[in-house]
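Observations on the model geometry
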There are 2 protein chains.
Amino acid sequence: MQTRPTLAIIGGTGALGSGLATRWAAAGYTVIIGSRTADKAKSAALEIATGNGAPPVRGEDNATAARLADVIVIAVPFSHHDATLREIREAIIDAPPGKIIVDAVVPLVPPKVAQVQMPAQGSAGQIAQELLGDLARVVSAFHNVGAAKLHNGGDIGCDVLVCGNDAEARVEVIALTAAIGMRGIDAGPIANSAAAEALTSVLIGINRRYKVDCAGIRITGIAAGA
Amino acid sequence: MQTRPTLAIIGGTGALGSGLATRWAAAGYTVIIGSRTADKAKSAALEIATGNGAPPVRGEDNATAARLADVIVIAVPFSHHDATLREIREAIIDAPPGKIIVDAVVPLVPPKVAQVQMPAQGSAGQIAQELLGDLARVVSAFHNVGAAKLHNGGDIGCDVLVCGNDAEARVEVIALTAAIGMRGIDAGPIANSAAAEALTSVLIGINRRYKVDCAGIRITGIAAGA
């Protein structure tokens, strides 16, 4: 991709989705908020400012947002993951295969969200790749980023583990990560998403036990700008 | 535990086990190396210096080492995990229940050790707790620590995620971690060991892709000495 991709944020009205949308819009990306109803998406879009000459953030229903985007980011609760994937599959079924889908969904199972409870398939990322097949190159990322920190605008203080079976797609998502001030780490195949997803429950528990609100992770032992 | 516990390192002749034994012996702990044969354990023990007035490191067969120790550390390959647990269970079956077992085993499945392949039970830590039942309080730790760094003697540059269902046992293992120069993080119940274990494959892959030999993790957003 030579120019900046157009990004759809499915679940863009939620805390994580709107935080990512805010960051990418400020960085000059064309951003489309997706929600189950276009009205809800449009009103969320109005609240997000853009930078670097990017057009205003627009809001669409999920299917329209997915169809219009080069890269589709999924930021919905795990309980909506499966239905959202099916909706996206329908929306992109006639598109060229290999579209990049960034899956930020974490398989939290209430009420014990601070306890790791991985799905039988291994991870949410693997569920997405299996369901979308050749239609999409699923890259999982952003599991461990506190939504509040995305909205606050300051340093996020957290690396992003980026997993997917296609190395080139991982590179593109690492660039999208860098564009909003975080270091993306090439963490290997989509099966490895289990580590990043499981860490989210660990970090939720650390927040409680250490009485903080923003525990995150850093990978040590590699160059700072790697 | 008011005094320093006596530590058995099952698999103490391997890279991780001998590295941990070296660190604890230097810190003044009484350390017993366990191996499948006492002879092998004894010769490994001879190579480890002690500090702070600790007695010489001794070597014993696994069962004897387990019986003599207050805290049993398991540092064997995953292929030996099950047999080792059964051996320990036999050895401690008449001991008071609730002995602390520190499980450092990672479910790596060769040849794809850089790909997360978690067991159906969730994690090696859960396998251990299920198998040992009330006999032991299993605490998993040390999954992400490079053995070479333990042997080199310098700063390890990696936090240790400490998981287990008994909060008091987690505190004791966090103290054992601090005693050898690493920050132990209370990472919650044994189910959360999945995150730490899965991270090991991610770190192995990062070592390859970023051409380093010692990638590790740090938890951010909590006080440095927490």
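Residues numbered from 1 in each chain as written. Chains lettered and ligands numbered in written order. Predicted model: local features only at pLDDT ≥ 70, side-chain atom pairs only at ≥ 80, totals over all residues. Heavy atoms only, no water.

**A short note on the UniProt feature "domain: Pyrroline-5-carboxylate reductase catalytic N-terminal" (unreviewed entry) in chain A**
In the numbering used here, UniProt assigns the "domain: Pyrroline-5-carboxylate reductase catalytic N-terminal" (unreviewed entry) feature to residues 7–106 of chain A. Helix makes up 40% of residues 7–106 of chain A and strand 22%, whereas the separation of the span's terminal C-alpha atoms amounts to 20 Å. (UniProt positions renumbered as here; feature names shortened; annotations may be inferred. Helix = DSSP H or I, 4+ residues; strand = E, 2+ residues; numbered from the N terminus.)

**A word on the packing of helix H4 (residues 81–92) of chain A against helix H5 (residues 124–132) of chain A**
Residue and element names in this part refer to chain A. Packing of H4 against H5 leaves a shortest axis separation of 10 Å and a crossing angle of 30 degrees. Considered as vectors, H4 and H5 are oriented roughly parallel to each other. In this structure, H4 crosses over H5, and the sense of that crossing is right-handed. Contact residues: His81, Asp82, Leu85, Arg86 and Arg89 in H4; Ala124, Ile127, Ala128, Leu131 and Leu132 in H5. (Axes fitted to C-alpha atoms, helices over the stretch in contact; angles between N-to-C directions. Parallel < 35°, antiparallel > 145°, perpendicular 65-115°, else oblique. Left-handed = near helix turned anticlockwise from the far one by under 90°. Contact = heavy atoms within 4.5 Å.)

**What about the relation of the copies chain B and chain A?**
When chain B is fitted onto chain A, the two copies agree to an RMSD of 0.0 Å after a turn of 180 degrees and an axial shift of 0.0 Å. The relationship between the two copies is best expressed as a two-fold rotation axis. Of all interface residues in chain B, 100% are interface residues in chain A too; the two copies therefore contact each other through one and the same surface. (Least-squares fit on C-alpha atoms with pLDDT ≥ 70 in both.)

**Re the pattern of salt bridges**
What the rule picks out here adds up to 18 salt bridges over all chains. Among the salt bridges present, the one from arginine 218 of chain B reaches aspartate 159 of chain B, with a minimum N-O distance of 2.9 Å. Of this pair, arginine 218 of chain B sits in strand S9 (residues 216–220) while aspartate 159 of chain B sits in the loop between helix H6 (147–152) and strand S7 (160–164), placing them 59 residues apart in sequence. Accessibility expressed as a relative area gives 1% for aspartate 159 of chain B, which makes it buried. Through salt bridges with shared partners, a single network forms among Lys42, Arg58 and Glu60 of chain A. (Salt bridge = Lys/Arg side-chain N within 4 Å of Asp/Glu carboxyl O. Buried < 20%, exposed > 50% of the residue type's maximum accessible area, 1.4 Å probe, protein only.)

**Structural notes on helix H4 (residues 81–92) of chain B**
All names here are of chain B. Its 12 residues give H4 an end-to-end C-alpha distance of 16 Å, which sits within 8% of 16 Å, the value for a rise of 1.5 Å per residue. Among all positions of H4, only His81, Thr84, Leu85, Ile88, Ala91 and Ile92 are buried. Take H4 and look down its axis: the buried residues cluster within an arc of 125 degrees, on one side only. (Expected span 1.5 Å × (residues − 1). Arc of directions from axis to C-beta.)

**Comments concerning the sheet that holds strand S3 (residues 58–61) of chain B**
All names here are of chain B. With respect to topology, 8 strands assemble into an open sheet ordered S3-S2-S1-S4-S5-S6-S7-S8, the strand pairing being mixed. Here the strands that pair on one side only, and so sit at the sheet edges, are S3 and strand S8 (184–186). Averaged over neighbouring strand pairs, the angle between their axes works out to 30 degrees when direction is ignored. Bridge count between strand S6 (residues 136–140) and S7: 2 bridges; the pairing is antiparallel. (Pairing = 2+ DSSP bridges.)

**What about the interface of chain B and chain A?**
Counting from both sides, the interface comprises 34 residues of chain B and, opposite them, 34 residues of chain A. Taking both sides of the interface into account, the surface hidden between chain B and chain A amounts to around 2,600 Å²; carbon and sulfur atoms contribute 65%. It is Arg209, Tyr210 and Thr220 of chain B in chain B that bury the most area against chain A; as a group they hold 21% of the surface buried on that side. At the junction of chain B and chain A, the tally comes to 2 salt bridges. A salt bridge links aspartate 186 of chain B to arginine 209 of chain A, with the nearest nitrogen and oxygen atoms 3.2 Å apart. Along the contact surface separating chain B from chain A lie 13 residue pairs in polar contact (both at pLDDT 80 or more). Sorting the residues of the side of chain B that touches chain A by element identifies S8, helix H8 (193–209) and S9 of chain B as the ones contributing at least two each. Here the side of chain B that touches chain A takes 8 residues from H8 of chain B, the largest share from any one element. In terms of residue class, the side of chain B that touches chain A is built from 22 nonpolar, 8 polar and 4 charged. (Buried area = accessible area lost by both parts, 1.4 Å probe. Polar contact = N/O pair within 3.5 Å; in protein donor to acceptor, adjacent residues only side chain to side chain. Nonpolar A, V, L, I, M, F, W, Y, C, P; charged D, E, K, R; others polar.)

**Some remarks on the packing of aromatic side chains**
Residues and elements named next belong to chain A. Scanning the entire structure with this criterion turns up 2 aromatic pairs over all chains. Relative to phenylalanine 142, the ring of tryptophan 24 has its centre 5.6 Å away and its plane inclined at 85 degrees; by these criteria the two rings are edge-to-face. Highlighted residues: tryptophan 24 in helix H1 (residues 15–26) and phenylalanine 142 in the loop between strand S6 (136–140) and helix H6 (147–152), separated in sequence by 118 residues. The side chain of arginine 4 reaches across the aromatic face of tyrosine 29, ending 5.3 Å from its centre. (Phe/Tyr/Trp six-rings, centres within 6.5 Å; stacked < 30°, edge-to-face > 60°. Lys NZ or Arg CZ within 6 Å of the ring centre and 35° of its normal.)

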